[in-house]
Amino acid sequence: MLEITYSVRAGDIEHGGTASAWLKVELRKEGVSEQLARRAGVIAFEGEMNLILYATRGGTLHVAVDDAYIEIELNDDGPGIEDLDLAMTPGYSTAPYWAANLGFGAGMGLINMERNSDRFEISSHLGEGTRIVCWIDRRKDDNST
Amino acid sequence: MKFADVMELLDGEILEGVDVSEMIIDRAYAADLLSDVLALTDERTTLITGTISPQVIRVADILNVIAIIFVRGKRPPKSVVTYAQRVGIPVMCTKKTMFESCGLLYANGVRPCKNRPVSGPGSGCSK
Ligand SMILES: Nc1ncnc2c1ncn2[C@@H]1O[C@H](COP(=O)(O)OP(=O)(O)OP(=O)(O)O)[C@@H](O)[C@H]1O
Ligand SMILES: [Mg+2]
């Protein structure tokens with residue numbers, strides 16, 4: 001059993017990804033396989049960077065692990081995403097131009113999160129915020145995704 | 001091929017002092033955008049990139065990338081090199097372009113790592 005919450009600060013590009021890199025180490029300590037820790041790391045990294053780049057006041061990255069699942073939850077309180085289908089389209093990005101120099105804006109982050117999850121849920125309301133929950137099933141510990 | 005031979009081939013400079021004499025580079029992936037890098041699935045690959053932000057090292061660490069080659073003469077700041085050293089990933093820089101670096105490595109037997117291109121109706125190449 002492991003439960004960690006990281007708070008992610010808006011605009012804190014410099015430290016972007018530290019929580020996710022650290023998370024991977026914690027998961028390995030917890031006995032999670034290299035393969036699954038890596039998938040969790042990818043999900044967390046994409047979520048963490050989105051909080052930094054888009055969430056007005058940052059947000060939280062919450063991770064809970066038990067024998068069955070790794071659950072990764074991201075929450076922020078705005079601005080929210082107007083059109084979720086559009087946001088989930090490969091290549092769609094509103095990342096500012098300067099972010100490209102740092103390696104962001106492929107418009108692949110949400111898709112990477114979904115592809116690395118066994119179950120993926122996203123809900124968002126303009127003016128309220130965005131909530132994403134990703135589950136990795138530890139009982140099907142294989143290379144299939 | 002050995003990391004040291006890659007350095008010679010690309011006329012590159014190794015930026016930190018991990019002992020890499022026996023490290024073998026047999027697969028590689030090249031991209032500048034991190035989400036494209038994160039879409040690669042194969043482990044133990046080498047990353048070729050022109051992006052030098054600290055996130056490159058974090059992504060490489062998460063993915064278990066074995067080495068990073070920075071192209072187009074880009075050289076990451078000292079703090080980024082130190083971070084790579086701390087997580088045990090050797091880094092090299094070369095003045096060659098990404099295209100030329102990839103071509104030279106390919107011609108010398110380095111192969112693509114497995115990755116998952118964009119797919120699905122309306123998005124992605126249909127072939
Ligand atoms: N937490 C969020 N709050 C508000 N908008 C968001 C949030 N996360 C994503 N978005 C919106 O969804 C778009 C797509 O996000 P996604 O992570 O897939 O790509 P990206 O961040 O633009 O580029 P990449 O992640 O590939 O570097 C973003 O450009 C942004 O407009
Ligand atoms: Mg993103």
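Since the structure is predicted, the reported quantities are computational estimates derived from the model, not experimental observations. The numbering scheme is per chain: residues are counted from 1 as the chain's sequence reads. Here the convention is simple: chains get letters from A, ligands get numbers from 1, in the order in which they are written. Only residues with pLDDT of at least 70 are given local features in this predicted model, and only at 80 or more are side-chain atom pairs given and counted; all residues enter the totals for whole chains, interfaces and linings. In computing side-chain values, all of the structure's heavy atoms are included and hydrogens and water are not.

Colleague: Explain the overall build of chain A to me, and be specific about the residues and the numbers.
Modeller: The helix and strand inventory of chain A stands at five helices and five strands. In terms of overall size, chain A behaves like a compact globule, its C-alpha atoms giving a radius of gyration of 14 Å where 145 residues would be expected to give roughly 15 Å. Considering chain A as a whole, with its 145 residues, one finds that 53% of them fall into the buried category. Whether two residues are in contact is decided by their heavy atoms: any pair within 4.5 Å suffices. Across chain A, the fraction of contacts at a sequence separation of at least 24, relative to all contacts at a separation of at least 6, is 64%. Using a 1.4 Å probe, the Shrake-Rupley method yields the accessible areas, and only the shown protein chains count as cover for residues. Approximately 6,800 Å² of chain A is accessible, and the part contributed by carbon and sulfur atoms is 48%. Positive and negative charge centroids in chain A, built from 13 and 24 side chains respectively, lie 6 Å apart. Numbering of helices and strands runs from the N terminus, with a helix taken as a DSSP run of H or I at least four residues long and a strand as a DSSP run of E at least two residues long. Atoms considered for the radius of gyration are the C-alpha atoms alone. The globule rule reads 2.2 Å times the number of residues to the power 0.38. Using a 1.4 Å probe on the protein chains alone, a residue whose accessible area is under 20% of its type maximum counts as buried, one over 50% counts as exposed, and one in between counts as partly exposed. Counted charges follow a simple rule, with Lys and Arg positive, Asp and Glu negative, and His plus the chain ends left uncounted. All charge positions are set by atom: Lys at NZ, Arg at CZ, Asp at CG, Glu at CD.

Colleague: Mind laying out unusual backbone geometry, listing which residues take part and the relevant values?
Modeller: Residue A:Gly78 is joined to A:Pro79 through a cis peptide bond whose omega torsion reads 15°. A positive phi angle is found at B:Asp11, which is not glycine, with a value near 50°. Along the chain, B:Asp11 turns up in the loop between α1 (3-9) and β1 (13-14). Phi angles above zero are rare outside glycine, and B:Asn64 is one such case at about 60°.

Colleague: Can you break down the interface of chain A and chain B residue by residue, with the values?
Modeller: Across the contact, 31 residues belong to chain A and 26 residues belong to chain B. Both sides of the chain A and chain B interface together cover about 2,200 Å² of buried area, and 54% of this is carbon and sulfur. Taken as a group, A:Arg38, A:Phe45 and A:Arg115 account for 27% of the area that chain A buries against chain B, more than any other trio of residues on that side. We count a salt bridge whenever a side-chain nitrogen from Lys or Arg sits within 4 Å of a carboxyl oxygen from Asp or Glu. Linking chain A with chain B are zero salt bridges, by the criterion used here. Any pair of N or O atoms that falls within 3.5 Å is considered a polar contact. Within protein, one atom must be able to donate a hydrogen and the other to accept it, and sequence-neighbouring residues count only if both atoms are side-chain atoms. Summed over the shared surface of chain A and chain B, the number is 13 residue pairs in polar contact (both at pLDDT 80 or more). Counting residues per element, the ones that place at least two in the side of chain A that touches chain B are α1 (18-29), α2 (34-54), α4 (97-101) and α5 (109-115) of chain A. Two parts lose some accessible area (1.4 Å probe) when they are put together, and adding that loss for both gives the buried area.

Colleague: Hey, could you go over the packing of helix α3 (residues 54-63) of chain B against helix α4 (residues 78-86) of chain B for me, with residue numbers and the actual values?
Modeller: All names here are of chain B. Closest axis-to-axis distance for the α3/α4 pair is 9 Å, and the angle between their directions is 15°. One way to sum up the angle between α3 and α4 is to call them roughly parallel. For the crossing formed where α3 meets α4, the hand is right-handed. Of the residues in α4, those in contact with Pro54, Ile57 and Arg58 of α3 are Val80, Tyr83 and Ala84. Helix axes use the C-alpha atoms of the stretch in contact, all axes being lines fitted to C-alpha atoms, and the angles between their N-to-C directions lie in the range 0 to 180 degrees. Reported orientations rely on four angle classes, namely roughly parallel under 35 degrees, roughly antiparallel over 145, roughly perpendicular from 65 to 115, and oblique for the rest. Here a crossing is called left-handed whenever its near helix is offset anticlockwise from the far helix by less than a right angle, and right-handed whenever the offset is clockwise.

Colleague: So what about the pairing of strand β3 (residues 69-76) of chain A? Which residues, and what values?
Modeller: Taken residue by residue, a regular strand's side chains alternate between the two faces of the sheet. Residues and elements named next belong to chain A. By the bridge criterion, seven bridges tie strand β2 (residues 59-65) to β3 in an arrangement that is antiparallel. Looking across to β3, one finds that Thr60 is bridged to Asn75. Counted along the chain from β2 to the antiparallel partner β3, the turn is three residues long. Strand pairing requires that DSSP identify at least two bridges connecting the strands.

Colleague: Which residues make up the pattern of salt bridges, and what are the values?
Modeller: Enumeration over the complete set of coordinates arrives at 14 salt bridges over all chains. The salt bridge involving A:Lys140 is made with A:Asp118; its shortest N-O contact spans 3.7 Å. Linking A:Lys140 in the segment after β5 (129-137) with A:Asp118 in the loop between α5 and β4 (119-125), this pair joins segments that are 22 residues apart in sequence. Residue classification places A:Lys140 among the partly exposed residues on the basis of a relative accessible area of 43%. On the basis of relative accessibility, which here comes to 29%, the residue A:Asp118 falls in the partly exposed class. Linking B:Lys2 and B:Glu22 is a salt bridge whose minimum nitrogen-to-oxygen distance equals 3.8 Å. Of this pair, B:Lys2 sits in the segment before α1 while B:Glu22 sits in the loop between β1 and β2 (27-30), and the two are 20 residues apart along the sequence.

Colleague: Explain the nonpolar core to me, and be specific about the residues and the numbers.
Modeller: Nonpolar side chains tend toward joint burial in soluble globular proteins. By nonpolar core is meant a set of buried Ala, Val, Leu, Ile, Met, Phe, Trp, Tyr and Cys residues that side-chain atoms within 4.5 Å join together. The biggest cluster of nonpolar side chains holds 64 residues, and the ones touching the most others in it are A:Leu61, A:Ile70 and B:Ile68. Considering each element in turn, this core owes the most residues, eleven residues, to α2(A). The next biggest cluster of nonpolar side chains, apart from the first, holds 15 residues, and it includes B:Val20, B:Ile69, B:Met98 and B:Val110.

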